[in-house]
Amino acid sequence: MNNRLSPQLLQSQSQIVVEKETINKNALGSRGEAIAYVRLTEGYRFNLYFMGEKAQTIDYLLELRDKNAPFFAFLQVKTTAQHEFTQAGQLKVGISTHDLGLLINKPLPTYFVGVDEIEESVYIAPLFSDTIHGYTSSIPKKYKLEHMPSEENKKVIAKLEKDIICFSKVVKTRKLKYKTKMPI
Amino acid sequence: MELLQSDKRTLAIAANLLYRYGGSTIHVQMVEYDLFHLLVSIDDECNTRYGVVVAESNILASDAYKNYLDVLNKRVYTRDNPDNVPILLVIVDTIFESARIGVQLGWCSAFTPIVYNPITLKQMDNDWCEKLYTLVKAMNSTITMLSSEYLSIQKTIDLNGIHNNGFRFSGVILYARTIIPHIPQLTAKTKKQFEEDTTKYIYSPKFENDELDNEILECTRLKFANVADVNQRNDKMLFTSSDVQDLQFFGKELGGYNKFRIKYSLLPTIDINGENWQQYITPISLHNMTLCIREPYNKQWAHTFDHQVFTSNVNLGEWVKYSELLNKKSESMIDLFDYII
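This structure is a prediction, so every number in the text was calculated from the model and none was measured. (Residues numbered from 1 in each chain as written. Chains lettered and ligands numbered in written order. Predicted model: local features only at pLDDT ≥ 70, side-chain atom pairs only at ≥ 80, totals over all residues. Heavy atoms only, no water.)

(A) Representation of the overall build of chain B within the structure. In terms of regular secondary structure, chain B is built from nine helices and 15 strands. Counting every position in chain B, which comprises 341 residues, the buried fraction comes to 54%. If you take every contact in chain B between residues at least 6 apart in sequence, the share linking residues at least 24 apart comes to 70%. When the accessible surface of chain B is totalled, it reaches about 16600 Å², and 49% of it is carbon and sulfur. (Helix = DSSP H or I, 4+ residues; strand = E, 2+ residues; numbered from the N terminus. Buried < 20%, exposed > 50% of the residue type's maximum accessible area, 1.4 Å probe, protein only. Contact = heavy atoms within 4.5 Å. Areas by Shrake-Rupley, 256 points an atom, 1.4 Å probe, with all protein chains shown as cover.)

Right, dumping it as structure tokens:
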């Protein structure tokens, strides 16, 4: 049994001061990640693995729980506490052009997840479609997960699941004839 | 955590609710520790921290929970160990994404652990979480002044009597009165007044009873006439976090008592016979009082307070003015029910 607390609790006073400065900065992001986790795991269709602070641009690795289709996707979560919308009704939360480029180039399906911290709702947008106009300032409202479990949420999650499966199947089909360059 | 297992979604719901009701200054992180799942850090003046153990609704009756309590009880807590943080239990309803929360392990004087069993759990909301925050902050070794709205005088009325079955019983009625009305923002003028009032109260040897306190005492005497001796204890000021800690410890001493919120309804004295005059007058309601009393007084008996009306010594002519005064004074009453955990 682990009898020692994590190193965070054993830190020195100076470290506490440094941590205090970063708490407020990170609190909104952490809260958004918690909201996204709760909403996306509604119905227990996905496993979400937090990639840690050091993973560049990716916040979560999403895995389908279906053993017959154990596919994966990457998620980038951005949170806003402003609760502001564009004239088209898109939530004003954005992803930088640099991050957007990195995410589009990932070999797995990648999704941008915008979190409205005030409403505790979650918006999802794919980053591999031809119709991407860039989500540098806002995220569309079409795939929205409400703050509480609902039938609408189930439909959005089912759609996301189907999207990941379809993407993965297409990629798998194309790579079927690939031979490993590391033969044993 | 090995002792009580929780899946990640349950933990995430708990973290989400802690963020929702904890304000913008908290940070929740998952930790690898055997006593709790989440560590909450609050960016306040004493760097308050507490652990949160998360479980699902069926846990309280389980062997795993008993085992967990055993570990908490048998654990050797050494002084000045940074691991000594309060632990809160959060029971999560994963379907409705709601939770109940309460203090599982508290600290007195920052060195003496108290394991709460049975634990007082309440639905997570802003009010309860704010009270829990005050309690947890009070467990910290740093003594801090309470915020102005909580600066108050604790009033305690003791009850001692013999029930008709021959057994002695005891009880206590608790409430607090704020020193000053809530001041949203202190201006230069109100700040000076605030400091003067606070200094006066701190150095005052005894806090005088006003009309409201006297009415409460009188109603208590009427309620327990021929049953118990009713005596008022010396008042105590709730001024710092350690005062809240004392109150919490007092609550622990009252562990075997039944606890109720009670109210008194007051009507004036009227010399009219045979008329059902009471229905024409709205009684004054004095609430926010907590009664802790031993058996045989129970929940059913506590409802007698809801229907009983007491008669004040004030006559009808002065009643309008008097009721205005008491209603205004009753706004200064603070409910201590949630601090007696």
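(B) Fine view of the packing of aromatic side chains. Residue and element names in this part refer to chain B. In the structure shown here, the tally under the stated rule is 11 aromatic pairs over all chains. Judged by centre distance (5.5 Å) and plane angle (85 degrees), the rings of W301 and F305 are edge-to-face. Exposure class is identical for W301 and F305. Each is buried. Ring-pair connections join several aromatic residues into one group, and the members of that group are F169, F224, Y264, Y297, W301, F305 and F310. Over the aromatic face of W128 sits the side chain of K122, whose NZ or CZ is 5.0 Å from the ring centroid. (Phe/Tyr/Trp six-rings, centres within 6.5 Å; stacked < 30°, edge-to-face > 60°. Lys NZ or Arg CZ within 6 Å of the ring centre and 35° of its normal.)

(C) View of the pattern of salt bridges. Residues and elements named next belong to chain B. Under the counting rule described, the total for this entry stands at 27 salt bridges over all chains. The salt bridge partner of D235 is K155, with a shortest N-O separation of 2.8 Å. With a gap of 80 residues between them, D235 in the loop between β10 (228–232) and β11 (236–238) and K155 in strand β8 (residues 152–162) connect regions that are remote in the sequence. Residue D235 shares its accessibility class with K155, and that shared class is buried. Here D210 and R177 are joined by a salt bridge, their closest N and O atoms 2.8 Å apart. Of the two residues, D210 is situated in the loop between α4 (188–203) and α5 (211–223) and R177 in strand β9 (residues 168–178); the sequence distance between them amounts to 33 residues. Residue R177 is classed as buried on the basis of its relative accessible area, which comes to 9%. Each of K155, R177, D210, E211, D213, D235 and K329 takes part in one network of salt bridges that share partners. (Salt bridge = Lys/Arg side-chain N within 4 Å of Asp/Glu carboxyl O.)

(D) Geometry of unusual backbone geometry. With omega at 10 degrees, the peptide bond leading from N117 of chain B into P118 of chain B counts as cis. One non-glycine residue, Y44 of chain A, adopts positive backbone phi at about 55 degrees. The residue Y44 of chain A is located in the loop between α1 (13–40) and β1 (46–50) in this model. For Y44 of chain A, a relative accessible area of 32% translates into the label partly exposed. For H83 of chain A, which is not glycine, the phi dihedral falls at a positive 55 degrees. On the secondary structure map, H83 of chain A appears in the loop between β3 (72–80) and α2 (97–104).

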